[in-house]
Amino acid sequence: MNQLIDRRGFLRGSLAASTAATTSLAKNTEAASFEGYPNAMGVLVDLSRCVGCRSCEAACNKEQRLPAPEKPFTDFSVFDELHHGQKRRTDETRYTVVNRYEIPGRKHPLFRKIQCNHCQEPACLTSCFVNAYTKTPEGAVIYNADVCVGCRTCMVACPFYIPAFRYSSAFHPRIMKCIFCYDTRLTKGLPPACVEACPQEALTFGRRSDLVTMGKQRIRENPGAYVDHIYGEHEAGGTAWMYLSPAPFEQVGFDTSVPKEPILNYVKDFLSIVPMVLTIWPALFAGFHLLAARKDKRAQLNKNEEEV
Amino acid sequence: MTINPKAMLAAAVVLLAGTLASPGQAMDQLDAPETMTIGALANLYRPVPFSHVRHTKLARCKDCHHHTTGQQDMDPNCSRCHAYSPEASIVACKDCHTQKQFYPEQVTAGDHRNLYHIDKPGLKGAYHLNCVPCHAKKNAPSDCEGCHALTDAGKQFFHLNSQAAGKAQPAKGRDNHAR
């Protein structure tokens, strides 16, 4: 019987084709890195200015209509609180929290405000399989509770441990996190409530690109006053909220092991192959099956002919 | 076109006032008001009664007013341009430091903004950044209410008077965040 293509040839060809498809796709993803929206806004937090007054916490509570706090915002005993050996974290009742850090060799403690850092390429967004998160051109990472299925993968994906889950509500469970006052302020060009409340101007609101320049200027013009680094300029691929600190960042509770590239990059190459796997592999393995089945069928046919 | 005589008079007064302020000579503390009330921003806190006389005995003019009072040696970053600046017609904090800070007019509308003052704090920032470090150094009050008492709005803002302050209660009934 004259075959157009033998089994070996088919296998060799299909393997070569799938390898070629894989490598060419993987190469494309390297070029497809996102540098952030050009006019995205951000906030520069200067730890040397923060005095721990907690006005930002109070302003956030009011603006976002969060539940009343356990202790008034003028109560500074919260700085001594430890939960499972950790300082206070963001949760379903507070999108932002200020913590105190005693720095060896410094007369005064430092205070650090934490909230969503609004990454340029957010890990929460890329981990979400229902697209509940959006990075807006204004710079905010917002969340849509209507499509969220409550899988909480974003909480695992976030390198800064920010998204919290509203476990207390049986009927309206949802992720609770800072949205950069997106709907009430950012879209109108206004600074977020915490920034406006800060008496010390420890929080500076502006275009992210301007803030990087401003941060570098502060470091340059005040020699010895800051560590020569803007936390968030490159961390996790760059964040909208960035920090200046007079003490080494790890002493003020920052995770300095956060990679300098988007968390997404660790899985981007793998994920780019997935569509190929889903389209080419079914055809490929269906082909294998047909070839294998054809042999059996022919054997069956021959057997039948012999019997006849 | 007619010229309003009142406007003419006002312009003349302004011009005259400009010439009266003796140029080329540094101001001293006697030119300053004795007491004043810092109240432009009062909302959550009451206005601050400020004894200017008392502070002139504790600090030099340039410690607060930069180059505008005609004193020379200051922050090296300022003296790059202002080493020989004469006393200015504007010395009040609020005339340079804006009450609203980080609004579009300061942030995004700034195509022609002053290149060298890109990091100028707003009025609230200017007060606190100038006052607090010195107060801390000289053991003057440096807690919030040491200078300005909370208003009722302020007490509400910080949840001071909330008798329910005892337990963080999850929002009941309504979902503030659902669409």
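Sequence order sets the numbering: in each chain, residues are counted from 1 along the sequence as written. Chains carry letters and ligands carry numbers; both start at the beginning, A for chains and 1 for ligands, and go up in the order they are written. Given that the model is predicted, a residue must reach a pLDDT of at least 70 before its local features are reported, and side-chain atom pairs must reach 80 or more before they are shown or counted; all residues, however, enter totals for whole chains, interfaces and linings. Processing note: side-chain calculations cover all non-hydrogen atoms of the structure and skip hydrogens and water entirely.

S.K.: Would you explain the overall build of chain A in this entry?
M.R.: For chain A, the count of helices and strands is seven helices and nine strands. Compactness check: chain A gives a C-alpha radius of gyration of 27 Å against a globular reference of 19 Å for 308 residues, more than 25% above the reference. With respect to the principal axes defined by its C-alpha atoms, chain A has extents near 100 × 50 × 40 Å. Split into buried and exposed, the 308 residues of chain A put 47% on the buried side. The helix and strand labels rest on DSSP assignments: H or I over at least four residues marks a helix, E over at least two residues marks a strand, and numbering proceeds from the N terminus. Only the C-alpha atoms count toward the radius of gyration. The rule for a globule is 2.2 Å times the residue count to the power 0.38. Burial classes: relative accessible area under 20% of the type maximum marks a residue as buried, over 50% as exposed, and values in between as partly exposed (1.4 Å probe, protein chains only).

S.K.: What should I look at first to understand the interface of chain B and chain A in this one?
M.R.: By a widely used convention, the size of an interface equals the accessible area lost when the partners come together. At the junction of the two partners, chain B supplies 37 residues and chain A supplies 49 residues. Taking both partners together, chain B and chain A bury about 3,700 Å²; carbon and sulfur atoms supply 55% of that area. Ionic pairing is found between Glu221(A) and Arg80(B), a salt bridge with its closest N-O pair at 2.9 Å. N or O atoms closer than or at 3.5 Å make up a polar contact, with two conditions inside protein: a donor-capable atom paired with an acceptor-capable one, and, for residues adjacent in sequence, both atoms drawn from side chains. At the boundary of chain B and chain A, one finds 11 residue pairs in polar contact (both at pLDDT 80 or more). What makes two residues a contact is simply this: any of their non-hydrogen atoms within 4.5 Å. In this description, buried area is defined as the sum, over both parts, of the accessible area (probe of 1.4 Å) that is lost when the two are combined. Take a side-chain nitrogen of Lys or Arg and a carboxyl oxygen of Asp or Glu: if they are within 4 Å of each other, that pair is a salt bridge.

S.K.: For this particular structure, what's the right way to read the pairing of strand S2 (residues 48–51) of chain B?
M.R.: Note on strand geometry: in a regular strand, side chains alternate between the two faces of the sheet. All names here are of chain B. Every second residue of S2 is oriented toward a common face, the buried set being Val48 and Phe50 and the non-buried set Pro49 and Ser51. Pairs of strands are assigned from DSSP output, requiring at least two bridges between the strands. The pairing of strand S1 (residues 35–38) with S2 spans four bridges and is classified as antiparallel. Each bridged residue has a counterpart across the sheet, and for isoleucine 38 the counterpart in S2 is valine 48.

S.K.: I keep staring at the layout of surface pockets and nothing clicks. Help me out?
M.R.: It is the rolling of a water-molecule-sized probe over the atoms that shows where space remains empty. All names here are of chain A. Counted as a void, the second largest pocket has a volume near 600 Å³. Throughout, the protein atoms alone are placed on a 1 Å grid, and a set of points is a cavity if a 1.4 Å probe fits but cannot get out or a pocket if it is open with protein on both sides within 12 Å along at least five of seven lines; lining residues have an atom within 4 Å of a point. As for the second largest pocket, its lining consists of 31 residues, and the residues nearest its centre are His83, Arg89, Thr90, Asp91 and Arg94. No other element matches helix H2 (residues 55–63), which puts three residues into the lining of the second largest pocket. Tallied by class, residues from the lining of the second largest pocket come to 14 nonpolar, seven polar and 10 charged. Grid points are joined across faces, edges and corners, and a volume is the space filled by probe spheres set on the points. Ten residue types, Ala, Val, Leu, Ile, Met, Phe, Trp, Tyr, Cys and Pro, are classed as nonpolar, four, Asp, Glu, Lys and Arg, as charged, and the remainder, Gly among them, as polar.

S.K.: Whenever I open this one, the pattern of salt bridges confuses me. Can you help?
M.R.: Oppositely charged side chains are able to pair whenever their charged atoms sit close together. Residue and element names in this part refer to chain A. Taken as a whole, this structure holds 16 salt bridges over all chains when the rule is applied. Put simply, aspartate 80 and arginine 100 hold a salt bridge, and the shortest N to O gap is 2.5 Å. Placement of the pair is aspartate 80 in the loop between H2 and strand S2 (97–101) and arginine 100 in strand S2, with a sequence separation of 20 residues. Among the residues examined, aspartate 80 registers a relative accessible area of 52% and is labelled exposed.

S.K.: Would you mind going over the pairing of strand S3 (residues 110–114) of chain A with me for this structure?
M.R.: Residue and element names in this part refer to chain A. Across the five residues of S3, five count as buried, placing the element largely inside the fold. The alternating pattern of S3 places Leu110, Arg112 and Ile114 on one face and Phe111 and Lys113 on the opposite face, and all of these are buried. Here S2 pairs with S3 via five bridges, running antiparallel. Bridged to valine 97 within S3 is isoleucine 114.

S.K.: It is not clear to me how unusual backbone geometry should be interpreted in this structure. Could you clarify?
M.R.: Of all residues except glycine, most have a negative phi; of all peptide bonds, most are trans. Residues and elements named next belong to chain B. Look at phenylalanine 102: it is not a glycine, yet its phi comes out positive at around 70°. Note that phenylalanine 102 resides in the loop between helix H5 (93–96) and helix H6 (104–107). Residue classification places phenylalanine 102 among the buried residues on the basis of a relative accessible area of 6%. The backbone of asparagine 139 sits at a positive phi, close to 55°, despite the residue not being glycine. With respect to the helices, strands and loops of the structure, asparagine 139 is situated in the loop between helix H7 (123–137) and helix H8 (144–147). Judged by relative accessible area, which is 72%, asparagine 139 ranks as exposed.

S.K.: What's the story with the side chain of Ser245(A) in this structure? I'm lost.
M.R.: Residue and element names in this part refer to chain A. For serine 245, the position within the fold is in the loop between strand S9 (241–244) and helix H7 (265–307). Among the polar contacts made by the side chain of serine 245, one reaches the main-chain carbonyl oxygen of alanine 247 at a distance of 2.6 Å. With sequence-adjacent residues up to four places away left out, serine 245 is seen in contact with Leu47, Leu110, Tyr226, Val227 and Val252.

S.K.: Please clarify how helix H6 (residues 208–221) of chain A should be interpreted in this entry.
M.R.: Every α-helix winds through 3.6 residues per turn, so residues three or four apart in the chain are directed the same way. A helix is expected to reach a length of 1.5 Å times the quantity of its residues less one. If you check H6(A), its first and last C-alpha atoms are 20 Å apart, about what 14 residues at 1.5 Å a residue would give, namely 20 Å. Taken residue by residue, H6(A) has Arg208(A), Leu211(A), Val212(A), Met214(A), Gly215(A), Gln217(A), Arg218(A) and Ile219(A) as its buried positions.

S.K.: Would you mind showing me how to read the sheet that holds S9(A) here?
M.R.: Sheet strands line up and pair through hydrogen bonds in the backbone, either parallel or antiparallel. All names here are of chain A. Judged by pairing direction, the sheet is mixed, and its three strands sit side by side in the order S8-S1-S9 without closing on themselves. In the strand order of this sheet, the two ends are held by strand S8 (203–207) and S9, each with one partner. Neighbour-to-neighbour, the strand axes of this sheet turn through a mean angle of 25°, independent of strand direction. As paired elements, strand S1 (residues 41–46) and S8 share five bridges and run antiparallel to each other. Orientation is described by axes fitted as lines to C-alpha atoms, over the contacting stretch for helices, and by angles from 0 to 180 degrees between their N-to-C directions.

S.K.: I'm lost on a positive patch on the surface in this one. Help?
M.R.: All names here are of chain A. A cluster of basic side chains, namely Arg7, Arg8, Arg12 and Lys295, defines a positive patch on the protein surface. Among the elements that take part in the positive patch, helix H1 (residues 7–31) stands out by supplying three residues, more than any other. Tracing the chain through its elements places arginine 12 in helix H1. Each patch is built from residues that are more than 30% exposed by relative accessible area and take part in no salt bridge. Like charges join if they lie within 9 Å; nonpolar side chains (Val, Leu, Ile, Met, Phe, Trp, Tyr) join within 5 Å. For every accessible area listed, the method is Shrake-Rupley and the probe measures 1.4 Å; residues are considered covered only by the protein chains on display. This count recognises Lys and Arg as positive and Asp and Glu as negative, with His and chain-terminal groups excluded. To locate a charge, the coordinates of NZ of Lys, CZ of Arg, CG of Asp or CD of Glu are taken.

S.K.: I would appreciate a short explanation of the state of the cysteines in the present structure.
M.R.: Each disulfide is one covalent bond, formed between the sulfur atoms of two cysteines. Residues and elements named next belong to chain A. Defined by distance alone, a disulfide is two cysteine sulfur atoms within 2.5 Å. One pass over the structure, following the stated rule, counts zero disulfides over all chains. The thiol of cysteine 119 is unpaired, and the distance to the nearest cysteine sulfur, on cysteine 158, comes to 6.5 Å. Free of any disulfide, cysteine 148 has its nearest cysteine sulfur in cysteine 154, 6.5 Å distant.

S.K.: In this structure, what is going on with the side chain of Arg54(A)? I would like to understand it.
M.R.: Along the polypeptide, Arg54(A) turns up in the loop between S1 and H2. Not counting the four nearest positions on each side in its chain, Arg54(A) is found in contact with Pro72(A), Phe73(A), Asp75(A), Phe76(A), Val78(A), Phe79(A), Arg88(A) and Phe158(B).

S.K.: What exactly am I supposed to notice about the packing of aromatic side chains here?
M.R.: Remark: the centre distance and the inter-plane angle together describe each pair of aromatic rings, the angle taken between the planes. Residues and elements named next belong to chain A. Planes of paired rings set the category: under 30 degrees apart is stacked, over 60 is edge-to-face and the rest tilted, where pairs are Phe, Tyr or Trp rings (Trp by its six-membered ring) whose centres lie within 6.5 Å. As enumerated under the stated definition, the model contains 14 aromatic pairs over all chains in all. When the ring of tyrosine 243 is compared with that of phenylalanine 254, the centres are 4.8 Å apart and the planes differ by 70°; the resulting orientation is edge-to-face. Here phenylalanine 254 lies in the loop between S9 and H7 and tyrosine 243 lies in strand S9, a separation of 11 residues in the sequence. Judged on exposure class, the residue tyrosine 243 and its partner phenylalanine 254 are both buried. Aromatic rings pair up to connect Tyr231, Tyr243, Phe249 and Phe254 into one cluster. In our convention, an over-ring charge means Lys NZ or Arg CZ found within 6 Å of a ring centre and within 35 degrees of that ring's normal. For the cation-ring pair, lysine 87 lies above tyrosine 101, with the distance from its terminal atom to the ring centre recorded as 4.9 Å.

S.K.: Teacher, can you tell me more about the nonpolar core here?
M.R.: Nonpolar side chains in soluble globular proteins tend to end up buried together. Remark: nonpolar core denotes a set of buried residues (Ala, Val, Leu, Ile, Met, Phe, Trp, Tyr, Cys) joined through side-chain atoms within 4.5 Å. Membership of the largest hydrophobic core comes to 47 residues, with the highest contact counts inside it found for Val43(A), Phe160(A), Phe180(A), Leu203(A), Phe205(A), Trp241(A) and Val252(A). Those elements that provide at least two residues to this core are S1, H2, S2, S3, helix H5 (193–197), S8 and S9 of chain A. Looking at this core element by element, the count peaks at three residues for S1(A). With residues near it in sequence (within four places) discarded, Phe160(A) still touches Asn117(A), Cys119(A), Tyr231(A), Ala236(A), Thr239(A) and Val258(A). Of all hydrophobic cores here, the second largest spans 10 residues; its members include Ala58(A), Ala59(A), Leu150(B) and Phe158(B).

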